[in-house]
Each structure stands twice: as structure tokens, then as C-alpha cells.
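Okay, here's what each chain looks like letter by letter:
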Amino acid sequence: MSLMFGDFCRRLAVLLVLLGVGGRAWDARAAFWVTGYYPGYEQQFNLPASDIDFGALTHIIHFSAIPNANGTLNTGDNYLTPANSTSLVTLAHAAGVKALVCVGGAGSENAFLSAVSNNLPVLINSLTNFVVARGYDGVDIDWEPCPTKDFLFYTNLVAGLRAALNNLGPAKLLTVAAGAYPPYGDPPTAEFKMYAAVQNQLDQINIMTYDLSGAYEGWVTWFNSPVFDGNYHFPGTSELVPSINVAMGNFLNNGVAPGKIAISMAFYGDIWTDGTGASASSITQPRQSWINVPTVTAVRYTDIMTGYYQSNLYQWDSNAQAAYLGITNTAATNNVFLSYDDPRACQAKVSFARNNGLGGVMIWELGQDHTAGAPDPLLQAVKQALATPGPSTLQKSGNDLAVAFKTIPLGSYAVQWSSNLTRGTWNTLRTTNISGPGGILQIKDVGVITNQSGRYYRIQTPP
């Protein structure tokens, strides 16, 4: 029995290494996308393409070209030089990563309206020629903001560009960056229904689930990119504070397929301070009201870690699934609430996307996590999440077998067994949801050595 069991354990261990998480999640790159934005200015001054860990990405978007009123493209101001394009595309393709060029960006609405309303054919021709000349795999549209009055122009651009890219070959991609919530004053569902109407022409709808808070009238301090709202409402109202969960639900409830959308992680944070010292307890925590209108300033992740982070200041909000620093200084004018995505938050977002059957995750932006000569901690956290649970181990414990594997925050796992691989029938031993930060999890199959002659195991993640 002991010899047979020893052989059985070795066979199982090999099987677990081969099967990994099973199904689609073992090869995460094949079905779950990780799209990272890569600004030309970062490439020029901070993050050369040679420093990117392409093994953490499936798609990279070169940011960005701006449409001119006559339909041509302005690329010089954003450092999309031929040399930068060649460097990025060559390295991305060598790693099996798709490289797209972005058109647009924050505040690009008027530029798009001028070009699309007057010179749409020229703009489409300019974009397709640019894709061919530079070797890109497609185009990403980042029309910001995009209120309802722009929808006809927007959908005309999507339809025309989709048709033109199809003429270049079936492999050319068309993706978009989408607002998490409608612009202020817009109808509550119009944006989501518009994306539902054009989704079949798009390969990815990457929801910009960041910048979800600000020092607005009637607001409180809140997170930049929280997964959940924690059922917290704005004071004196029935309106929930913004969250990724609600934003995602708005798209799904209005007809967008989950496999078409991604949620985002922000490689930067927001510093809140009132700057007046009106209250020594103000602006150090989420969900706080203020006396004087605070200042909110974006800060790169690298600058957070070098200029603000201390382990004793770190806090994790389990209701929102978000990290923050609460800094109380001797001078109350220097008090700080700093909301940001850390490695745990990034991995929680990978789990959240998997758990909800989404197409993937998006990153804004890769350079904000990079310091020359050092690892990129947020990107590495995403990479590790994609490889989790990965290879697993088996240990004998009396008459029980213990299956051990690595988990990540918010991960959902099913441990399954089969006594005959050829029949392909799998039984669930246990399902589990990770509420904490993740780590090594051990699941026991009680009495299996006494009761069973042999079993094979696998671990699956959703869907």
C-alpha cells in the first residue's frame, strides 16, 4: 500500500502541475487580457520599451495620437516617433503581445468632434495608414469625455474604423476606453446602451474605473478606484458612492457582454488635503466630510512609495477593497488621505474580473510603476495573480490527502477530483472564496487513502 501510494502521489503531483488551475485559467494569456497603456512621453524619458516585462501583458496600447480637424494625426507632441513605434512593436511582437496605437485621451472630445464631423474618411484613412506603416495590431479609441450629444459621431467612427481595419486583415483589433459613469448631467443609462449597441464591432471595452472621486460639492473623501462601495451612501442621500462593482453592473445590466469588458487598475493615487488646518482630524480617512474644500492631487505609485509610504501609516479598507495611507502631522495643514492601488488591490481586481467572467483588466499606466533598475511591483503583482494558483502539491496526513496551492485576494477556487481522466468527469471536493490577502491554502480530502484506490485533482478559477 505504501509503495502504491508513493507512486500515486508522484503521479498526482505531476498531473497537478500539468493541469494547474484547469480550463481557461491555466493559460490566462489565451483568454483573459491584461492591457497596459504606455505613453510615448514615458517611453522617451522614464520607461524604455526594453524595460517592460511583456510577460505580464497580453496587449499594450501606445498613447497617443490626437486627431487634427482636417483628419490627419498629431503624434509629435506625444512622442509617437517612428523610432519609438519600432522599438515598442518589435519587442511586443517578440513576446507575443499585441501592440495598438491609441487615438485621443483626456480632453480630446473637441478634437474628435472636429475631425469626425468634417473629415471622417480622412481620419479613418490616417489611422489605418498609421497602423500599416508602424506595424501596429490595431487602434484604441479614447474619446474623453463622450456625452450623449457625441454618440452619433462616436458610433460613426467605430463603424467606419472597424470596416477599414477588417480590410487590412482579420487580426486587426479595435478597442475603446469607456467612462465608468456617464458625464455629469447625462441620462443615467444612455452611455451603457450605446456601448451595448456597438460591442460586436469592438474587441475590448476597457472601463476607466479610476478617478472615481473628487472634492465635489456634497461629497466626502473617497477612494480613487475602489472595488466596492461598502453600501456607503453620500451623507443625507440614497446615492451610493462610486465603485467598480456598480460601474461594471451598469454595463452588464444594459446589455454589454461580460467578456467584452475590463475593469482598470490605477498605477497612481490621489492625495487629499484641506491645506487649512480647520480641523486636526480632517482629511486623513475615507468617508469624511470637510469644512474647507480640499485639494486632490494625483501622484505616481513610485512617488507614493518613496515620498509618503510608511508601514505604520498603511491601512486596508476591506469593505471597499482599497488601500490608503492616513497621515496625521503636527501641523494639521499637512494632514493627508492618500488613496491608491497597491499590489493587494491589483490582485483583488484580477480576482474580481475573473469571478465575474469579465474579459480582462486594463492598466493606466505602465510608467507610473517604474523606477530604472528596480522591479515594477504593481505589474509584478498582476503577473503573479495571473499565474495563481499554478502548480500545486499533495501531502499525506494520516488517511487524508492535503492539496495545497497559492491564492490571491478575492480569489474563488474549486478543488475537484476524478478517478478516471478519460471519462472527463470531475467532482467538486470544495469551493472556497478568499476574503483576506491570499497565501497558501490547504484543502483536505478526508479518508481518501482508506476509501479510494486513486484520484486525480485539479484546481479551477472562474468562470
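See the structure shown above.
What comes next is a walk through the structure. All values derive from a computational prediction rather than experimental measurement.

Let us look at the environment of Glu365. In this fold, Glu365 is placed in the loop between strand E14 (360-364) and helix H11 (377-386). Look at Glu365 and you get buried, because its relative accessible area is 1%. Along the sequence, Glu365 and Arg300 sit 65 residues apart, while their C-alpha atoms lie 9.6 Å from each other. Apart from residues lying up to four places away in sequence, Glu365 is in contact with Tyr37, Pro39, Tyr41, Glu42, Phe267 and Arg300.

Looking now at the pairing of strand E20 (residues 456-460). Taken across its five residues, E20 has four buried, putting it largely inside the fold. Across five bridges, strand E17 (residues 412-418) lies against E20 in antiparallel orientation. Across the sheet, the residue bridging to Gln416 is Arg458, located in E20.

Now for the side chain of Asp186. Mapped onto the elements of the fold, Asp186 is located in the loop between strand E6 (173-179) and helix H7 (190-198). For the buried Asp186, no salt bridge exists, and the shortest N-O distance to an oppositely charged side chain is 8.6 Å, to Lys149. Those residues in contact with Asp186, other than ones at most four positions away along the chain, are Pro147 and Thr148.

As a further point, take the packing of aromatic side chains. Here the structure, examined in full by the defined rule, presents 24 aromatic pairs. With centroids separated by 6.4 Å and ring planes inclined at 20 degrees, the aromatic side chains of Trp222 and Tyr232 adopt a geometry described as stacked. One end of the pair, Trp222, is in the loop between strand E7 (204-208) and helix H8 (244-253); the other, Tyr232, is in the loop between E7 and H8, and 10 residues separate them in sequence. An aromatic cluster of at least three residues, connected via ring pairs, comprises Trp222, Phe223, Tyr232, Trp272, Trp290, Tyr324 and Phe337. Over the ring of Tyr232 we find Arg287, and its NZ or CZ is 5.9 Å from the ring centre. Lying over the aromatic face of Trp417, Arg455 brings its terminal NZ or CZ to 3.5 Å of the ring centre.

Along strand E9 (residues 268-273), six of the six residues are buried, which leaves the element largely enclosed by surrounding structure. Bridge analysis of E9 against strand E10 (residues 295-300) gives six bridges, and the strand direction is antiparallel. Paired with Ile271 across the bridge in E10 is Thr297. Judged from the four bridges that link them, E9 and strand E13 (residues 336-340) form a sheet pairing that is antiparallel. What sits directly across from Asp270, in E13, is Ser339.

Counted under the stated rule, the structure contains eight salt bridges. Lys349 serves as the salt-bridge partner of Asp341, at 2.6 Å between the closest nitrogen and oxygen. Residue class for Lys349 comes out buried when judged on its relative accessible area of 0%. By sharing partners, the salt bridges in this structure join Glu109, Lys149 and Asp150 into a single network.

What follows deals with the nonpolar core. Counting residues in each nonpolar core, the largest one holds 106 residues, and the members touching the most others are Ile60 and Ile141. The element that contributes the greatest number of residues to this core is helix H5 (residues 109-134), accounting for 10 residues. Those residues within four positions of Ile141 in sequence are excluded, and the remaining contacts are Val103, Phe112, Tyr154, Leu157, Val158, Leu161, Leu174, Thr175, Val176 and Ala177. Among the nonpolar cores identified, the runner-up in size contains 13 residues, and Phe63, Ala177, Met362 and Trp364 belong to it.

Ordered by their spatial adjacency, three strands build an open sheet running E15-E16-E19, and the pairing between neighbours is antiparallel. The open sheet is flanked by strand E15 (393-397) and strand E19 (440-445), the only strands paired with a single partner. Across the sheet, the mean angle separating the axes of adjacent strands is 25 degrees when strand polarity is ignored. Taken together, the five bridges between E15 and strand E16 (residues 400-406) define a ladder with antiparallel strand orientation. Bridge assignment links Leu394 to a residue of E16, and that residue is Val403.

In this fold, Thr393 is placed in strand E15. Put simply, Thr393 and Val403 are 10 residues apart on the chain and 5.9 Å apart in space, counted from C-alpha to C-alpha. The residues touching Thr393, leaving out its near neighbours within four places in the chain, are Ala402, Val403 and Ala404.

Here is what the cut-offs are and how they apply
- Residues numbered from 1 in each chain as written.
- Predicted model: local features only at pLDDT ≥ 70, side-chain atom pairs only at ≥ 80, totals over all residues.
- Heavy atoms only, no water.
- Helix = DSSP H or I, 4+ residues; strand = E, 2+ residues; numbered from the N terminus.
- Buried < 20%, exposed > 50% of the residue type's maximum accessible area, 1.4 Å probe, protein only.
- Contact = heavy atoms within 4.5 Å.
- Pairing = 2+ DSSP bridges.
- Lys, Arg positive; Asp, Glu negative; His and termini not counted.
- Salt bridge = Lys/Arg side-chain N within 4 Å of Asp/Glu carboxyl O.
- Phe/Tyr/Trp six-rings, centres within 6.5 Å; stacked < 30°, edge-to-face > 60°.
- Lys NZ or Arg CZ within 6 Å of the ring centre and 35° of its normal.
- Core = buried A, V, L, I, M, F, W, Y, C linked by side-chain atoms within 4.5 Å.
- Axes fitted to C-alpha atoms, helices over the stretch in contact; angles between N-to-C directions.

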